[in-house]
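Residues per chain, in single letters:
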Amino acid sequence: MSDRLEPPKRYDRRITEPEEAREPKVIKSERKPFLPKSDILTLGGIDIPFFAIVIGLLTIGLVMLFSATYPYAYSKFNGDSYYYTKRQLIFMIIGIIVMLVVSKVNYQLIKRYTYPLLGVTLLLLVIVLFYHTNFQDFKRWIPIGPLTFQPSDLAKFTIIVVLADYISKNHKRMKHLINGVVYPLGIIAVFCVLIHLENHNSGMILVFLIGATLMFCGGTDWKLFALGAGVVVAVALFVVLNPSVLQEYAGERIVAWLDKDYSPLDARWQTNNSLYAIGSGGFFGAGLGNSKQKFMYVSEPQNDFIFSIVCEELGFIGATVIIVLFALLFLRGIKIAMNSRDRFATLVVIGIVSQVAIQVIFNILVVTDTIPNTGISLPFFSYGGTSLIMLLAEMGVVLSISRSTNQKKV
């Protein structure tokens, strides 16, 4: 054995180690698709009670639409008593399909496309000012072949999505004047001005109230909110006392509301006959199909004043049942909102069910002559393709959000 020490051997790792040990493995990042399939569709069951209430209101609404309109349709459309009912049924079927499809779409997709939705809506609100149906001074409907589209129906949904997105991103600053009042009011003002230019004051009022509701629920300081509400009430009182500041048709409606003897055969004809219908219905009603006021007394009963025919035929009991159904729809929607996983979803559901509630309240106040005739339709009952399909699409959004909650489906 040699006493000579040998230097330690140095191993060349490039020779002795396998190739995969010598060179770090580089994992190439796979480019994710812009919108994975898992982000498009949502799993889980829909909220059955909410869905059942929607279908119940749709069914009752279609039956009452036929009962309220067949004399008017027979007179106007050459003996076709089913004119409004047939078309509304088609719109209803399309709307239900849209609702079910939308209910499967992940609501986060709506949030992702908030700004494109805003751009399209504002563009349509501008287009309708220059390209619209010729009906008096109203610029509300864009003609599309034999059909018409009302951009303000889309605007009601868009204002909900835009404000929900804004508030969810700025909820910690909603107590501040600029972030909690000025910016949201600026967004609402843009919509209201464009809708006002259509001579659609009822739509403008509805959009404003939806926006105000979301501001309140989104955390706007209650003192600032109360101050703003006081300003709104003051403006409303000024307008009521000085109706000449409004367009001629709107000012005349306020005058007719204040003066019950004003032009009873013109400005108050529809309202007076609505009150006759409600009064003659009594507690139990005249019976389905037995209304007398629908025979050319309540003019155009397919639209804003259909609830007066409901009261005449179904009475106080039937009208109360329908109001209770609307209340249950609102309450179930609030439960879905409170169980939602994020603030955006909560605010969207609150906005949608509040829109329905506001329309119902205003419609009933109008047909009972509690407020001036504003021309706000009754959801699920009044005739109209755009409004019904858009409404059912909104119900689909609520159902989509309900799929993502952990609440027990009963």
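Keep in mind it's a predicted model, so treat the numbers as computed, not measured. (Residues numbered from 1 in each chain as written. Predicted model: local features only at pLDDT ≥ 70, side-chain atom pairs only at ≥ 80, totals over all residues. Heavy atoms only, no water.)

Colleague: I'd like a rundown of the packing of aromatic side chains, residues and numbers included.
Modeller: Applying the stated criterion to the full structure yields 14 aromatic pairs. Chaining the aromatic ring pairs together yields one cluster made of Tyr72, Phe77, Tyr83, Tyr84, Phe91 and Tyr383. (Phe/Tyr/Trp six-rings, centres within 6.5 Å; stacked < 30°, edge-to-face > 60°.)

Colleague: Report on a nonpolar patch on the surface, specifying residues and quantitative values.
Modeller: Residues Leu123, Val126, Ile127, Phe130 and Tyr131 make up a contiguous nonpolar surface patch of about 510 Å² in total accessible area. On the basis of relative accessible area, Ile127 is assigned to the partly exposed category, the value being 33%. (Patch = residues over 30% accessible without salt bridge, like charges linked within 9 Å, V, L, I, M, F, W, Y side chains within 5 Å. Areas by Shrake-Rupley, 256 points an atom, 1.4 Å probe, with all protein chains shown as cover. Salt bridge = Lys/Arg side-chain N within 4 Å of Asp/Glu carboxyl O. Buried < 20%, exposed > 50% of the residue type's maximum accessible area, 1.4 Å probe, protein only.)

Colleague: Lay out the confidence of the model for the protein chain with the relevant residues and their values.
Modeller: Regions with low pLDDT should not have their predicted coordinates read in detail. For the protein chain, the average pLDDT comes to 86, and 89% of its residues sit at 70 or higher. In this model residues 19-35 is a low-confidence stretch, pLDDT under 50, and it forms eight contacts with partners more than four residues away in sequence or in other chains. (pLDDT = per-residue confidence, 0-100. Contact = heavy atoms within 4.5 Å.)

Colleague: Tell me what's going on with helix H8 (residues 151-169), and back it up with residues and numbers.
Modeller: The terminal C-alpha atoms of H8, which comprises 19 residues, lie 27 Å apart, in line with the 27 Å expected from a rise of 1.5 Å per residue. Among the 19 residues of H8, 18 are classified as buried, and the element is accordingly described as predominantly covered. (Helix = DSSP H or I, 4+ residues; strand = E, 2+ residues; numbered from the N terminus. Expected span 1.5 Å × (residues − 1).)

Colleague: Pulling in residues and values, what's your account of the packing of H8 against helix H16 (residues 385-403)?
Modeller: Remark: H8 packs on H16, axes separated minimally by 9 Å, with the N-to-C direction vectors making an angle of 20°. Considered as vectors, H8 and H16 are oriented roughly parallel to each other. Judged by the twist between their axes, the crossing of H8 over H16 is right-handed. For the pair H8 and H16, the contacting residues are Asp153, Leu154, Lys156 and Phe157 in the first and Thr386, Ser387, Met390, Glu394 and Val397 in the second. Residues belonging to the contact of H8 with H16 are distributed by class as follows: four nonpolar, two polar and three charged. (Axes fitted to C-alpha atoms, helices over the stretch in contact; angles between N-to-C directions. Parallel < 35°, antiparallel > 145°, perpendicular 65-115°, else oblique. Left-handed = near helix turned anticlockwise from the far one by under 90°. Nonpolar A, V, L, I, M, F, W, Y, C, P; charged D, E, K, R; others polar.)

Colleague: Report on the nonpolar core, specifying residues and quantitative values.
Modeller: Core analysis: the largest hydrophobic core is formed by 86 residues, its most contacted members being Phe50, Val54, Phe326, Phe380, Phe381 and Met395. With 15 residues, helix H15 (residues 343-367) is the largest single contributor of residues to this core. Apart from residues no more than four positions distant in its own chain, Phe326 is found in contact with Leu57, Val356, Val360, Leu378, Pro379, Phe380 and Phe381. (Core = buried A, V, L, I, M, F, W, Y, C linked by side-chain atoms within 4.5 Å.)

Colleague: Give me the lowdown on unusual backbone geometry, citing residues and values where you can.
Modeller: Leave glycine aside and you will find that most residues have negative phi; peptide bonds, for their part, are mostly trans. A positive phi angle, close to 55°, is found at Asn78, a residue other than glycine. Relative to the helices and strands, Asn78 is located in the loop between helix H4 (48-76) and helix H5 (83-104). Judged by relative accessible area, which is 80%, Asn78 ranks as exposed.

Colleague: Give me the side chain of Arg403: which residues, what numbers.
Modeller: Examined against the element boundaries, Arg403 turns out to sit in helix H16. Buried Arg403, no salt bridge; nearest opposite-charge side chain is Asp47, N-O distance 11 Å. Within the local environment of Arg403, its side chain forms a polar contact with the backbone oxygen of Ser103, the two atoms lying 2.7 Å apart. When sequence neighbours within four positions are dropped, the list of residues in contact with Arg403 reads Thr42, Leu43, Gly44, Gly45, Ile46, Ser103 and Lys104. (Lys, Arg positive; Asp, Glu negative; His and termini not counted. Polar contact = N/O pair within 3.5 Å; in protein donor to acceptor, adjacent residues only side chain to side chain.)

Colleague: For the packing of H15 against H16, give the residues involved together with the corresponding values.
Modeller: Their axes nearest at 10 Å, the elements H15 and H16 cross at an angle of 145°. Seen along the crossing, H15 lies across H16 with a hand that is left-handed. Between H15 and H16, the residues in contact are Ala345, Val348, Val349, Ile352, Gln355 and Val356 and Leu391, Glu394, Met395, Val397, Val398 and Ile401, respectively. Grouping the constituent residues of the contact of H15 with H16 by class yields 10 nonpolar, one polar and one charged.

Colleague: Give me the pattern of salt bridges: which residues, what numbers.
Modeller: Tallying each qualifying case throughout the model produces seven salt bridges. With a shortest N-O distance of 3.1 Å, Arg268 and Asp369 are connected by a salt bridge. Linking Arg268 in the loop between helix H12 (248-258) and helix H13 (269-281) with Asp369 in the loop between H15 and H16, this pair joins segments that are 101 residues apart in sequence. No difference in accessibility class separates Arg268 from Asp369, as the two residues are buried. Shared partners join several salt bridges into a network, and the residues in it are Lys260, Arg268 and Asp369.

Colleague: Describe in detail H5, supporting the description with residues and values.
Modeller: In this model H5 runs 33 Å from its N-terminal to its C-terminal C-alpha over 22 residues, within 8% of the 32 Å that 1.5 Å per residue would give. When we look at burial in H5, the residues that qualify are Tyr84, Thr85, Gln88, Phe91, Met92, Gly95, Met99 and Ser103. The arc enclosing the buried residues of H5, seen along the axis, measures out at 125°, which places them on a common side. Residues of H5 that are exposed and point more than 90 degrees away from the buried face comprise Ile97 and Val101. Each element contacted by the buried residues of H5 is listed here: H4 and H16. (Arc of directions from axis to C-beta.)

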